[in-house]
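The lines below spell out each chain.
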Amino acid sequence: MGSTRKSITVLAGALIVASAGQTLDPGQAAASACPVTTDQWQAIDLGVAGSALDINDQGQITGWTRNVLGRPQAMVWDDGQVIDVGTLGGPTSGASAIDEDGRVVGNSYTTEEKGHAFLWHDGVIQDLGSFGGYTSPKDVSQSVVVGEYVSTRPDGVLRTRAFKFENGVKTDLNVVTGSSAVDVNTAGQIAGTHRRTETPGLPANQQTQRAFLWANGAVTELGTLGGIWSQATGLNNGGQVVGQSALGADGVLQAGFVWSSATGMSRVEDGGGLARPTAINDDGVVVGTHACDPAGTAHPAVWTDPAQAPVRLPDPAGGTATAVNAINLGGEIVGAATYPGNEQRVVLWKPQTPG
């Protein structure tokens, strides 16, 4: 996301912990080790039903909450105050990203029950339209909005297409049908995923899709970790991309990756488990989820160095952390946790100054 850029200094010396009572030197391998909970972040339940999708450098958080009718509605959390973003006339809305100037993008139903993109700023919600089909913005940076919209191929099959919206002009990124843009940085680079082929009947886990980086009209495929597919989930201002990739020809086994133009694609350290990165900051710190057993439960995690083992984020009191989505300049991380009764609430993880 455009607001995941940050510079952590207080956590630079965080220890890599393999198991209770055992501390590894950051240079040691951590194969087959399960990370334990770190005390470098404190989990704070904000008391807001819903989930946080993004946080900017000012600590403003956006995502969705429940309105008085119990329906999902886009919101901004700002210094303890929950601001209702509203809708485009329909019953529901949801926000996906917030930039450094407080611009929020998301999706809302209209009075005609059409899904439109919106841009919200200073209390005013602007309808960006549907671009011909259901439209889902994913990120915003300096008024540049990116995402995906639904189009219909000549054979009648529905496919998503990546777009950017700037100064009132919508531009199709012109990759292929079956594409999505997920993140944009201050340099105007856009990360996303597109299908390389449209093979009828091919199982979803065998689609030959690739993560890409778009810049000035040129698309660079990012490759894979040896398998047949990859997908992007996050981008920082240095052009580093994170995501997942298949490891083999069957497309089933997968791992997290970090990519840069200088080093190409590298596997995020997972100790033999499963890493799913969601965001990366300008210092190369990665957040996402990690499961010690690829078939087991995943927990929110942080990689202060993608080449070293992760640490697990603590659960908030009374809840179980289920998602981590973004991180800002101060090292604040946002996501969600689940509480008794299957209630989901917004969680903020604040970095703690050592000792």
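Whatever comes next refers back to the structure up there.
Note that the coordinates shown come from a computational prediction; the quantities given were computed from them, not determined experimentally. (Residues numbered from 1 in each chain as written. Predicted model: local features only at pLDDT ≥ 70, side-chain atom pairs only at ≥ 80, totals over all residues. Heavy atoms only, no water.)

**A word on the nonpolar core**
What counts, and what does not: The set of buried Ala, Val, Leu, Ile, Met, Phe, Trp, Tyr and Cys residues whose side-chain atoms join them within 4.5 Å is what this entry labels a nonpolar core. The cut-offs for exposure are 20% and 50% of the maximum accessible area for each residue type, with area from a 1.4 Å probe on protein chains only; residues under the lower value are buried, those over the upper are exposed, and the others partly exposed. Residue contacts are counted whenever heavy atoms from the two residues lie within 4.5 Å of one another.
Ranked by internal contacts, the top residues of the largest apolar core, which has 16 residues, are V287, V302, L313, I333 and W349. Leaving out residues up to four positions away in the same chain, V287 has contacts with P277, T278, A279, A301, V302, W303, V324, I327 and I333. V182, A191, V241 and F257 belong to the second-largest nonpolar core, a separate cluster that totals 13 residues.

**Structural notes on the packing of aromatic side chains**
Selection criterion: Stacked, tilted and edge-to-face are the three classes applied to pairs of Phe, Tyr and Trp rings, where Trp contributes its six-membered ring and a pair requires centres within 6.5 Å; stacked means planes under 30 degrees apart, edge-to-face means over 60, and tilted covers the rest. Cation placement over rings: the criterion is NZ of Lys or CZ of Arg within 6 Å of the ring centroid and within 35° of the ring normal.
Considering all chains together, one arrives at one aromatic pair under this definition. The ring of Y339 has R345 sitting right over it, with the charged end atom 3.6 Å from the ring centre.

**Considering the pattern of salt bridges**
Stated formally: By salt bridge we mean one thing: a side-chain nitrogen of Lys or Arg within 4 Å of a carboxyl oxygen of Asp or Glu.
Summed over all chains, the structure comprises nine salt bridges. With a closest N to O distance of 3.0 Å, R267 and D270 form a salt bridge. By relative accessible area, R267 is classed as partly exposed at 41%. Exposure remark for D270: the relative accessible area of 5% places this residue in the buried category.

**Topic: the environment of V268**
How we decide: Secondary structure follows DSSP: runs of H or I at least 4 residues long count as helices, runs of E at least 2 residues long count as strands, and numbering of each begins at the N terminus.
In this structure, V268 sits in the loop between strand 22 (264–267) and strand 23 (274–280). For V268, a relative accessible area of 0% gives the class buried. For the pair formed by V268 and W303, sequence separation is 35 residues and the distance between their alpha carbons is 8.5 Å.

**Focus on the pairing of strand 9 (residues 115–121)**
For the record, the criterion: Two strands qualify as a pair provided that DSSP identifies no fewer than 2 bridges between them.
Where burial is concerned, most of strand 9 is hidden: six out of the seven residues are buried. Between the end of strand 8 (residues 104–110) and the start of strand 9, which pair antiparallel, lie four residues, with E113 showing a positive phi angle near 60 degrees. Of the pairings in the sheet, the one linking strand 9 to strand 10 (residues 124–129) comprises five bridges and is antiparallel in character. Residue L119 lies in a different strand from strand 10, and its bridge partner there is Q126. The antiparallel hairpin formed by strand 9 and strand 10 contains two residues in its connecting segment, where D122 sits at a positive phi of about 50 degrees.

**Things to note about unusual backbone geometry**
Here the phi dihedral of D122 falls at roughly 50 degrees; this positive angle occurs in a residue that is not glycine. With respect to the element layout, D122 can be found in the loop between strand 9 and strand 10. In this structure, N167 is a non-glycine residue whose phi angle is positive, near 50 degrees. Overall, N167 belongs to the exposed group, its relative accessible area being 70%.

**What to know about the sheet that holds strand 28 (residues 333–339)**
Applied cut-off: For helices, the axis comes from a line fit to the C-alpha atoms of the stretch in contact; other axes are also lines fit to C-alpha atoms, and the angle between any two N-to-C directions lies between 0 and 180 degrees.
What the seven strands build is an open sheet, ordered 6-5-4-3-29-28-27; its pairing is antiparallel. The sheet is open, and its two edges are formed by strand 6 (81–86) and strand 27 (320–327), each paired on a single side. With direction set aside, neighbouring strand axes in the sheet form an average angle of 45 degrees.

**Brief notes about the side chain of S51**
In this structure, S51 sits in strand 3 (residues 41–55). Other than its neighbours up to four places away in sequence, S51 contacts G63, W64, M75, N325, G335, A336, Q344 and V346.

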